[in-house]
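These are the residues of each chain, in order.
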Amino acid sequence: MSSQLWQSAAAVLDTNWARGHMVPSRRLYPHQWSWDAAFIAVGLAYVNPQRAWADLRNLFGAQWPDGRVPHIVFDPAVAEGDYFPGPGFWDVPAYADRPAHGSTGLVQPPMHAVAAWEVYRRATGHGAAAVAAARDELGWLYPRLCAQQEYLTGARDAGGRGLVSIVHPWESGLDNSPSWDAAMAAVPADLSLLQRYARRDVQVADITHRPTDTDYARYIGLVQSYRAGGYDDAGLAAWHGFVVECPAFNAIVAAADHALARIAEVVGADPAPHRERARRVTAAVVAHLWEPASRTFRSRDVRTGELSGRRCVNGLVPLMLPGLPREHVVAIMAEAESERFGMPSLSGLPIPSYDRTAADFDSYRYWRGPIWININWLLRRGMLLHGYEAQADELRTAMLRLIHRSGHYEYFHPATGEGIGEPAFSWTAALALDLLADRTAPVPAAARA
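About the criteria used
- Residues numbered from 1 in each chain as written.
- Predicted model: local features only at pLDDT ≥ 70, side-chain atom pairs only at ≥ 80, totals over all residues.
- Heavy atoms only, no water.
- Helix = DSSP H or I, 4+ residues; strand = E, 2+ residues; numbered from the N terminus.
- Rg over C-alpha atoms; globule rule 2.2 N^0.38 Å.
- Contact = heavy atoms within 4.5 Å.
- Areas by Shrake-Rupley, 256 points an atom, 1.4 Å probe, with all protein chains shown as cover.
- Lys, Arg positive; Asp, Glu negative; His and termini not counted.
- Charge placed at Lys NZ, Arg CZ, Asp CG, Glu CD.
- Buried < 20%, exposed > 50% of the residue type's maximum accessible area, 1.4 Å probe, protein only.
- 1 Å grid on protein atoms, 1.4 Å probe; cavity = no way out; pocket = protein on both sides within 12 Å on 5 of 7 lines; lining within 4 Å.
- Points joined across faces, edges and corners; volume = space filled by probe spheres on them.
- Expected span 1.5 Å × (residues − 1).
- Bend = angle between axes of the 7 residues up to and from the residue.
- Pairing = 2+ DSSP bridges.
- Axes fitted to C-alpha atoms, helices over the stretch in contact; angles between N-to-C directions.
- Parallel < 35°, antiparallel > 145°, perpendicular 65-115°, else oblique.
- Nonpolar A, V, L, I, M, F, W, Y, C, P; charged D, E, K, R; others polar.
- Salt bridge = Lys/Arg side-chain N within 4 Å of Asp/Glu carboxyl O.
- Left-handed = near helix turned anticlockwise from the far one by under 90°.
- Phe/Tyr/Trp six-rings, centres within 6.5 Å; stacked < 30°, edge-to-face > 60°.
- Lys NZ or Arg CZ within 6 Å of the ring centre and 35° of its normal.

Caption draft 1: Geometry of the overall build of the chain. In terms of regular secondary structure, the chain is built from 20 helices and 11 strands. In summary, the chain has a C-alpha radius of gyration of 20 Å against a globular reference of 22 Å for 449 residues, a match within 12%. Expressed as lengths along the three principal axes of its C-alpha atoms, the size of the chain is roughly 55 × 50 × 45 Å. Considering only residue pairs separated by 6 or more positions, the chain has 69% of its internal contacts joining residues 24 or more positions apart. When the accessible area of the chain is evaluated, it comes to approximately 15400 Å², of which 50% is carbon and sulfur surface. Charge centroids of the chain, computed over 42 positive and 47 negative side chains, lie 3 Å from each other.

Caption draft 2: View of unusual backbone geometry. Cis rather than trans, the peptide bond between Phe84 and Pro85 has omega equal to -5°. You can see Pro85 is positioned in the loop between strand 4 (72-73) and helix 4 (87-90). Even without being a glycine, Ala96 presents a positive backbone phi close to 50°. Secondary-structure assignment places Ala96 in the loop between helix 4 and helix 5 (112-123). Owing to a relative accessible area of 73%, Ala96 belongs among the exposed residues under this scheme. Backbone geometry places Tyr366, a non-glycine residue, at a positive phi of 45°. With respect to the helices and strands, the residue Tyr366 is situated in the loop between helix 16 (344-347) and helix 17 (373-385).

Caption draft 3: Main features of the layout of surface pockets. Here the second largest pocket defines a volume of roughly 200 Å³. Forming the walls of the second largest pocket are Ala45, Pro49, Gln50, Trp53, Val119, Arg122, Ala123, His126, Ala130, Ala133, Ala134 and Glu137. Among the secondary structure elements, those contributing two or more residues to the lining of the second largest pocket are helix 3 (49-60), helix 5 and helix 6 (128-154). Of the residues forming the lining of the second largest pocket, the biggest block, four residues, is contributed by helix 6.

Caption draft 4: Representation of helix 6. Between its terminal C-alpha atoms helix 6 stretches 38 Å, which fits the 39 Å expected from 27 residues at 1.5 Å a residue. If you look at helix 6, its biggest bend is around 35°, right at Leu141, and the proline Pro143 turns up within four residues after that. Regarding helix 6, the residues found buried are Val131, Ala134, Glu137, Leu138, Leu141, Tyr142, Leu145, Cys146, Gln148, Gln149, Tyr151 and Leu152. Buried residues along helix 6 sit against helix 3, helix 5, helix 11 (213-228), helix 13 (247-267) and helix 14 (272-289).

Caption draft 5: The sheet that holds strand 6 (residues 244-245), seen in detail. Reading across the sheet, the three strands line up as 5-6-9 and stay open at both edges, with antiparallel pairing between neighbours. Edge positions in the sheet fall to strand 5 (165-166) and strand 9 (300-301), since each has one partner strand and no second.

Caption draft 6: Quick peek at the packing of helix 5 against helix 6. Their axes nearest at 10 Å, the elements helix 5 and helix 6 cross at an angle of 170°. Classified by the angle between their axes, helix 5 and helix 6 sit roughly antiparallel to one another. Note on element contacts: helix 6 touches helix 5 through Ala130, Val131, Ala134, Arg135, Leu138, Leu141, Leu145 and Gln148, opposite His112, Ala113, Ala116, Tyr120 and Ala123. When the residues that make up the contact of helix 5 with helix 6 are grouped by side-chain class, the tally is 10 nonpolar, two polar and one charged.

Caption draft 7: Spotlight on empty space enclosed by the protein. Tallied over the entire structure, the rule returns three cavities of 30 Å³ or more. Roughly 310 Å³ of internal volume is contained in the largest cavity. If you trace the largest cavity, you find 25 residues lining it, with Tyr29, Trp33, Tyr83, Asp175 and Tyr366 closest to the centre. Counting only elements with at least two residues in the lining of the largest cavity, the list comes to helix 2 (34-47) and helix 11.

Caption draft 8: How the structure looks around the pattern of salt bridges. Applying the stated criterion across every chain, the model contains 28 salt bridges. Note that Asp14 is salt-bridged to Arg51, the shortest N-O span being 3.3 Å. Of the two residues, Asp14 is situated in helix 1 (residues 2-15) and Arg51 in helix 3; the sequence distance between them amounts to 37 residues. Looking at Arg51, the relative accessible area reads 24%, which means it is partly exposed.

Caption draft 9: How the structure looks around the environment of Trp6. As for its placement among the helices and strands, Trp6 is situated in helix 1. Classification of Trp6 by relative accessible area gives partly exposed; the value is 28%. The spacing of Trp6 and Ala437 is 431 residues in sequence and 9.2 Å in space, taken between C-alpha atoms. Excluding anything up to four places from it in sequence, Trp6 contacts Tyr46, Val47, Leu433, Leu436 and Ala437.

Caption draft 10: Main features of the packing of helix 2 against helix 19 (residues 426-437). Contact geometry of helix 2 with helix 19 gives a least axis separation of 8 Å together with a crossing angle of 45°. Our classification of the angle between helix 2 and helix 19 gives oblique. Helix 2 and helix 19 meet at a crossing whose hand is left-handed. When helix 2 is examined against helix 19, the residues Trp35, Asp36, Phe39, Ile40, Val42, Gly43, Tyr46 and Val47 are found in contact with a partner set consisting of Ser426, Trp427, Ala430, Leu431, Leu433, Asp434 and Ala437. Of the residues that constitute the contact of helix 2 with helix 19, the class distribution is 11 nonpolar, two polar and two charged.

Caption draft 11: Representation of the packing of aromatic side chains. Applying the stated criterion across every chain yields a total of 28 aromatic pairs. Here the aromatic cluster, defined as three or more aromatic residues joined through ring pairs, consists of Tyr29, Trp33, Trp35, Phe39, Tyr83, Tyr366, Trp367, Trp372, Trp377, Tyr411, Phe425 and Trp427. The ring of Trp140 has Arg144 sitting right over it, with the charged end atom 3.8 Å from the ring centre. Between Arg210 and the ring centre of Tyr366, over which it is positioned, the NZ or CZ distance is 4.6 Å.

In structure tokens form, the structure reads like this:
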């Protein structure tokens, strides 16, 4: 299995390399996506580290002056009609040395510091020249990664609780998760927008697998609202229709600072501020996103103050935090091993995106039930970090068997393992390489300090 899977994964990454960056897939996602680039870099480090660094450079070359890293960097060689909403719809003005319409105004989870550290870590096994080159790449990225963190933890602390807020479900990476249902219900759904703007996704993918028209109308309306406000974050909760604190997004923010502490030591900067910010964000996640009655982490609607009533996979992601109190670690593992999510020992498959026992669990519709490799990869790292080696190995084996059997799909059916969505998806291929090559995850510096 290993050799065949390695070769097929490497072939996907080679096919999806386009004009100096990686696309998630050739057909449905023809531009560069932000958190995809991070997961992809982790796997590219094994087969083409130069491309891994180039992909991250391309992404951060589109960073805004305020520090935000856009969730899509548009390829000017791709026609406007080949993706919606495309560059013209976002109408982002020129900035720094970037042309107008070069990116979106949204962000995604800041996995990039973790990815940069992993790419550097691979280089340390390939001689002094490789290490020196990787150190130079870290030196270029470090101030940009810091600016990203400062933007997120500053301008995006809409609730004033030390947590980052997302202003659109697309920013979470878990686009149509039930975690957003309550907050999204208050967003007007103007279905006439879908008469003015044709959905590209349902032209190339099964409509029953994608977000509904109602969801999509709300997505478009939220972009229009944020765009009309000049993509300004001041007073978000007072004027924007969707302002939510996500436990997964904030866990990744803290994980980024743990990685930045390691990077700081390499580039000659002070790691202490990163460790302190990671501690603060972790404490805020525990204080404000923990729901004691269910013993789970939930998203919070900043506008209403209410926690989501849904048990979604984003509530398990804080497991990746080294400073998470033991009682919360134990509770997450209990949730992961319950019938609601079902570790491979129960289901034979990796963890799904939503509570299997929920009445509205959907085996096909995007983040409302299917299995995603990137989230399971994060959960495996958390298990290793907190000493659950057997469960981590079980999850690793289940992921590799699933990809080997079904292919490098975007996501997978939570009961049959059938591949769904795009069939040659870059982060699935990249993370397969990492799972094949590396049975361990590094312990962040803060966990040893």
